[in-house]
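# Residue-level structure breakdown
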Amino acid sequence: MLSRIILIWLIFSFLQTGMVRSQEMLGTTLGNYAGINSVQLNPSAMPGSKQWLDIQLVGVDLSFQNNYLYLSKHEFVFWDIFKPGFVLPSHDEEYATEVRNFYRYNNANRKNVFINLRINGPGAMVIWKNHAFGIHTAMRSVTSARKIPYDLANFMYLGLNYKPQQNINYKTDKRFGMFQMNWFEVGLSYAYKVYGRGFNRLDAGISVRKLFGLTGLYAVVEDIDYMVPDDTTLQINNMKAEYGFSLPIDYNSNGLGTATDPLMAGGGWGFDLGVTYTRLKRLHQEQYIDRLCEQQYEDYLYRIGVALIDIGGIRFKDRAQTYSIDNRSSYWENLTQFDFQTVNQLMDTISYQFYGDPTATYQDEKFTLWLPSALSAQFDYHYNKNWYVNAALIFPFKFSKVSLTRPSLLALTPRYESRWFDASLPISLYDWTQLRMGLSFRVYLLTIGTEKLGPLLGFSNFNGMDFYFSIKIPLEKGVCGKRNSGSCPAYEEFKPQKL
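A brief report on the enclosed structure follows. Nothing here was measured: the structure is a model prediction, and the numbers come from that model.

Here we come to the side chain of Ser141. Among the secondary structure elements, Ser141 is positioned in strand β6 (residues 131-148). A residue is classified by how much of its surface remains accessible, and Ser141, at 3% relative accessible area, is buried. A distance of 3.4 Å separates the side chain of Ser141 from the side chain of Gln180, its partner in a polar contact.

Before going further, it helps to spend a moment on helix α4 (residues 343-355). Look at α4: 18 Å from first C-alpha to last across 13 residues, which is about the 18 Å you get at 1.5 Å a residue. For α4, the complete set of buried residues consists of Val343, Asn344, Leu346, Met347, Ile350, Ser351 and Phe354. Mapping the buried residues of α4 onto a view down its axis gives an arc of 165°, with all of them on the same face.

Another point: the state of the cysteines. A complete count under the given rule lists 1 disulfide for this structure. With a sulfur-sulfur separation of 2.0 Å, Cys293 is cross-linked through a disulfide to Cys480. Disulfide Cys293 to Cys480: torsion about the S-S bond roughly 120°, handedness right-handed. Of this pair, Cys293 sits in the loop between β11 (266-280) and β12 (300-316) while Cys480 sits in the loop between β24 (464-476) and α6 (489-494), placing them 187 residues apart in sequence.

Attention shifts here to the pairing of strand β13 (residues 320-332). On any regular strand, side chains alternate: one points to one face of the sheet, the next to the other face. As paired elements, strand β10 (residues 233-246) and β13 share 10 bridges and run antiparallel to each other. Bridge pairing in β13 places Leu234 opposite Trp332. In terms of strand pairing, β13 meets strand β14 (residues 362-364) through 2 bridges, oriented antiparallel. Pairing of Thr322 across the sheet is with Asp364, part of β14.

The next point concerns the environment of Tyr218. Structurally, Tyr218 can be placed in strand β9 (residues 200-230). Classification of Tyr218 as buried rests on a relative accessible area of 5%. The spacing of Tyr218 and Tyr243 is 25 residues in sequence and 5.4 Å in space, taken between C-alpha atoms.

Right, let's talk about the nonpolar core for a bit. If you look at the biggest cluster of nonpolar residues, it comprises 44 residues, and the most contacted ones within it are Ile148, Tyr226, Phe245 and Met347. Secondary structure elements with two or more residues in this core: β4 (111-120), β6, α3 (150-158), β8 (176-197), β9, β10, β13 and α4. The residues contacting Tyr226, other than those within four sequence positions of it, are Asp151, Leu152, Phe155, Ile168, Asn169, Tyr170, Leu234, Gln235, Ile236 and Asn237. Leu30, Phe179, Phe316 and Leu369 belong to the second-largest nonpolar core, a separate cluster that totals 25 residues.

Scanning the entire structure with this criterion turns up 28 aromatic pairs. Taken together, a centroid distance of 6.5 Å and an interplanar angle of 45° make the contact between Tyr416 and Phe421 tilted. Residue Tyr416 is classed as partly exposed on the basis of its relative accessible area, which comes to 26%. An aromatic cluster of at least three residues, connected via ring pairs, comprises Tyr243, Phe245, Tyr251, Tyr323 and Tyr362. When the ring centre of Tyr157 is taken as reference, the NZ or CZ atom of Arg100 above it lies at 4.9 Å. Over the ring of Tyr300 we find Arg303, and its NZ or CZ is 4.0 Å from the ring centre.

The final tally for this structure, using the stated rule, is 27 salt bridges. Two residues, Asp272 and Arg209, come together in a salt bridge whose shortest N-O distance is 2.7 Å. Highlighted residues: Asp272 in strand β11 and Arg209 in strand β9, separated in sequence by 63 residues. What makes Arg209 buried here is its relative accessible area of 3%. Within the structure, one salt-bridge network assembled from shared partners comprises Arg118, Arg140, Glu185, Arg209, Asp272, Asp310 and Arg406.

Reading guide: rules and limits
- Residues numbered from 1 in each chain as written.
- Predicted model: local features only at pLDDT ≥ 70, side-chain atom pairs only at ≥ 80, totals over all residues.
- Heavy atoms only, no water.
- Helix = DSSP H or I, 4+ residues; strand = E, 2+ residues; numbered from the N terminus.
- Buried < 20%, exposed > 50% of the residue type's maximum accessible area, 1.4 Å probe, protein only.
- Polar contact = N/O pair within 3.5 Å; in protein donor to acceptor, adjacent residues only side chain to side chain.
- Expected span 1.5 Å × (residues − 1).
- Arc of directions from axis to C-beta.
- Disulfide = S-S within 2.5 Å.
- Pairing = 2+ DSSP bridges.
- Core = buried A, V, L, I, M, F, W, Y, C linked by side-chain atoms within 4.5 Å.
- Contact = heavy atoms within 4.5 Å.
- Phe/Tyr/Trp six-rings, centres within 6.5 Å; stacked < 30°, edge-to-face > 60°.
- Lys NZ or Arg CZ within 6 Å of the ring centre and 35° of its normal.
- Salt bridge = Lys/Arg side-chain N within 4 Å of Asp/Glu carboxyl O.

Printed below as a string of structure tokens:
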């Protein structure tokens, strides 16, 4: 039954978030024109921007990545989906009752899935002398499945009729889990020049975000010992697990909630903390200005930044239910014929199968799901004129076992940077196992990029995808309109010029 439950949960999660999502948006979060987007990796990066004002209009970050299923590069290239009459390639697979679209990485490695959608709404950053202020909004959706045993992944995808794994006793006491959360956030960021003397500068920053939870789901398995005797039977010798959810439906009918149900099922707070050390090319000088646009950019040899990002979580209290199975066994016959009608019926049936009591597994009507916290580190080297090289590390960690988990990322990004045009070529090691190459361009207001070029060009199997874009209005330091002209600096920046 466990495999059936997990499969249902994953399908529900994918329907909520879609099948294609991204990760760190290196083309928009790194560099001297990152502006308000730089706070996603380090809030202390704002003062080093080449802009004194950066206005975010919209940004989208999508990605999906896994190490279990893929489409062959010989049968599928992403751009095929735009061809008339496109149909996903399919193939027969031994022991399967139907044709399959995806191939499997058939190895004993534990399987991981990460799906991320981030829509950045209106936001802005402004720098005033030693201070930098930011405001940002976003809608985020994250699904993470970590360390799923390969045998369980096979049963989830192929079904209980996968005969090579039948009548084999599988067991693991290594924790694995699956998590999904959708939420809105509104945040404020502040950074301050803590120290500036000689060729040295130190900035510190903080972001505080109010979180509004829409949906949350989790399942954590601490221990499982099971066997599949035949095509319709699941024998669980022992299982220790906990799971919970908060969904916008009526659990007794599976219909949508009523008009009186609150839109936000939970709330919480998120925090980012960071520092950035800058080795300047020239002696640091205090700036005395009359207008914000008169501020001067300080060029550098290198920068080193360290930050803790996505610290916090959301407490779900509305429509929330949590359950626990504490070292129990169960024998499920005719499992493939079980057809539940409502969520509550499914929960009651699971409880009865393990305890002989339809309510024994129920625990509480609230839970906290933590954000995908990580240590973020950046090293940016100014090689020559418009050329830079950046090294970045994202190292995930968790405050609780009930937590979203982002993959690790180690990236090296050479870039060309100017006022009107940027180009970067991120080369990254994703989750310590997958080498990826990306490409991004910025043409003044618009940035478009990907951290995973291979599947788009047919160079590698399609086991994930990455895409992002951002539209912003940047106003550069040291560029001002005429004084007393009756126009604001923003107008002077964009007004048509006489030929």
